[in-house]
Structures are given as structure tokens and as C-alpha cells.
Amino acid sequence: NVKKRCDIEDLIGARLIRCYTEHNSNYLRLPASLSSSEGSFLLRDIPADWPMLTWGPMAAFEPTSAEPFGELLNGAIIEHDTINIWNQLLSADKVVGQAVLVNQFGKGKVVCVPCSVDSAWVSEYRMPEHRNLVRNLVRYLNPAPEVEVSAPLNVEIVVTEDKEKNRLLIHFVCFNGPATSSTFKSFSSR
């Protein structure tokens, strides 16, 4: 039983066209042309025209009221005749949808990124650009935060308001995962 409509279409201002779940190698690309448009905020600390690997499924949407920015690309299908541990890491192929949808909804704005930028960051394929994109989106939605912290990209900040004592509590969490690519050689003594 396939659902004909996505439940959040009105909220994000776009109609679901297709979900891509065949493989986990999918890409997000922010074209240089965004630098002269309302989408210029997306390019802060992110190389233009570069396909950024996102790890996990993605969805293609057709904008109805949302403004689209950037491109989603699926991974190229490559036939392998041997077992290769890297065969899941496919190159970017064709554009299948928009990377970011910005919709005016009521008195606010809604941002939808229909791919797993966060999954790539916390898995083995992280790049600073993943975290920079999330930061750019948050800053777009909240351009003047009450607290602004400058910290390395691996530091998460949670700000909580303690109204009883009229103060803000700032919690820092540092994530240091294993190296993204490493080799291990087993030695044995005989």
C-alpha cells in the first residue's frame, strides 16, 4: 500500500515525487549561482558546485509554494563483477530534486532538506561541510540568537533558559568520532 501524499507537504510547500532508498550514496550540491540569489546564505563555508556526499535515503520534492535551492543527486549505478568493499560509495550521477526547500508557513518559515546530511556527519563519511550546512540553516531561521558561541565544529551547544533564576544555562557536548578512514595491519610473532 503506497501512500499517495506526504503528510508534511503543506508545511514544507512541496509535493513528494519519489523516495530514493536503493543505496546510501546520495549527494547534495549547491551551485555557484546561489551566490547571487536569496540562497546565498547556504554557501557560507561550503564549496560551490561540489557534490557533498550524504549518507542515507533521500526524497525528491516538487515545490508548490516553497522556494527551492540547490540540487540533490543520486549515486551512479556501477556494475561490479567482483566483491569490493567500496562499491557502495558511488559517484554523483543525475539531479533528481532540490537540496533545500524554504517555505513561508503562517508567521514563520520552514526549511526542509530531504536528505541525510546529519547521518553523513555522525557516520564514517563526515566532512565539515555537513556541519556548516546545518549551521547555515539554523542561522537563517534564527539570525539573531540570544547566545552565540564560537567553538570547533565538533562541539554541540545546548542553551536552556532557567526562568526561575533568570539565567541561561549553556551545555557543551564534544563529539570526537574515530578517524574517517584508517587501516589496520595485524602482526603476529612466530
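Here the structure is shown first, and the text comes after it.
These notes cover the structure that comes with them.

## A look at the packing of aromatic side chains
Working step 1: Taken as a whole, this structure holds two aromatic pairs when the rule is applied.
Working step 2: Aromatic pair Phe 41 and Phe 69: ring centres 6.3 Å apart, planes at 80 degrees, arrangement edge-to-face. Residue Phe 41 is located in the loop between strand 2 (25–29) and strand 3 (52–55), and its partner Phe 69 is located in strand 5 (residues 67–69); the two are separated by 28 residues in the primary sequence. For the residue pair Phe 41 and Phe 69, the accessibility class agrees, reading buried in each case.
Working step 3: Centre to centre, the rings of Phe 41 and Tyr 140 are 4.1 Å apart; their planes meet at 10 degrees, and the pair counts as stacked. Here Tyr 140 lies in helix 3 (residues 128–141) and Phe 41 lies in the loop between strand 2 and strand 3, a separation of 99 residues in the sequence.

## Thoughts on the pairing of strand 9 (residues 108–112)
Working step 1: Sheet analysis places strand 8 (residues 100–105) next to strand 9, joined by five bridges and oriented antiparallel. Paired with Val 102 across the two strands is Val 111, which belongs to strand 9.

## Quick look at the sheet that holds strand 2
Working step 1: One open sheet accounts for four strands, arranged 3-2-6-7; its pairing is antiparallel. Every other strand in the sheet has two partners, leaving strand 3 and strand 7 (92–97) as the edge strands with one partner each. If you compare each strand with its neighbour and ignore which way they point, the axes differ by 40 degrees on average.
Working step 2: Two elements, strand 2 and strand 3, share four bridges in a ladder whose sense is antiparallel. Across the sheet, the residue bridging to Asn 26 is Thr 54, located in strand 3.

## A word on the side chain of Thr 54
Working step 1: Structurally, Thr 54 is set in strand 3.
Working step 2: We classify Thr 54 as buried; its relative accessible area is 0%.
Working step 3: What Thr 54 contacts, discounting residues up to four positions off in sequence, is Asn 24, Ser 25, Asn 26, Tyr 27, Leu 28, Cys 115, Ser 116, Val 117 and Ala 120.

## Here we look at the pattern of salt bridges
Working step 1: As enumerated under the stated definition, the model contains seven salt bridges in all.
Working step 2: In this structure, the salt-bridge partner of Asp 45 is Arg 44, at a minimum N-O distance of 3.9 Å.
Working step 3: A relative accessible area of 48% means that Asp 45 is categorised as partly exposed.
Working step 4: Its relative accessible area of 46% is what places Arg 44 among the partly exposed residues.
Working step 5: Between Arg 167 and Asp 162 there is a salt bridge, and its shortest N-O distance comes to 3.0 Å.
Working step 6: Relative accessible area serves as the criterion here: at 39%, Arg 167 is assigned to the partly exposed category.

## Regarding the nonpolar core
Working step 1: Membership of the largest hydrophobic core comes to 27 residues, with the highest contact counts inside it found for Leu 28, Leu 30, Leu 42, Leu 72, Val 100 and Leu 133.
Working step 2: For this core, the elements supplying multiple residues, two or more each, are strand 2, strand 3, strand 4 (58–63), strand 6 (71–75), strand 8, helix 2 (117–122) and helix 3.
Working step 3: Considering every element that reaches this core, the biggest residue donor is strand 3, with three residues.
Working step 4: Counting residues in each nonpolar core, the second largest holds nine residues, with Ile 12, Phe 61, Ala 66 and Leu 101 among its members.

Rules of the game
- Residues numbered from 1 in each chain as written.
- Predicted model: local features only at pLDDT ≥ 70, side-chain atom pairs only at ≥ 80, totals over all residues.
- Heavy atoms only, no water.
- Phe/Tyr/Trp six-rings, centres within 6.5 Å; stacked < 30°, edge-to-face > 60°.
- Helix = DSSP H or I, 4+ residues; strand = E, 2+ residues; numbered from the N terminus.
- Buried < 20%, exposed > 50% of the residue type's maximum accessible area, 1.4 Å probe, protein only.
- Pairing = 2+ DSSP bridges.
- Axes fitted to C-alpha atoms, helices over the stretch in contact; angles between N-to-C directions.
- Contact = heavy atoms within 4.5 Å.
- Salt bridge = Lys/Arg side-chain N within 4 Å of Asp/Glu carboxyl O.
- Core = buried A, V, L, I, M, F, W, Y, C linked by side-chain atoms within 4.5 Å.

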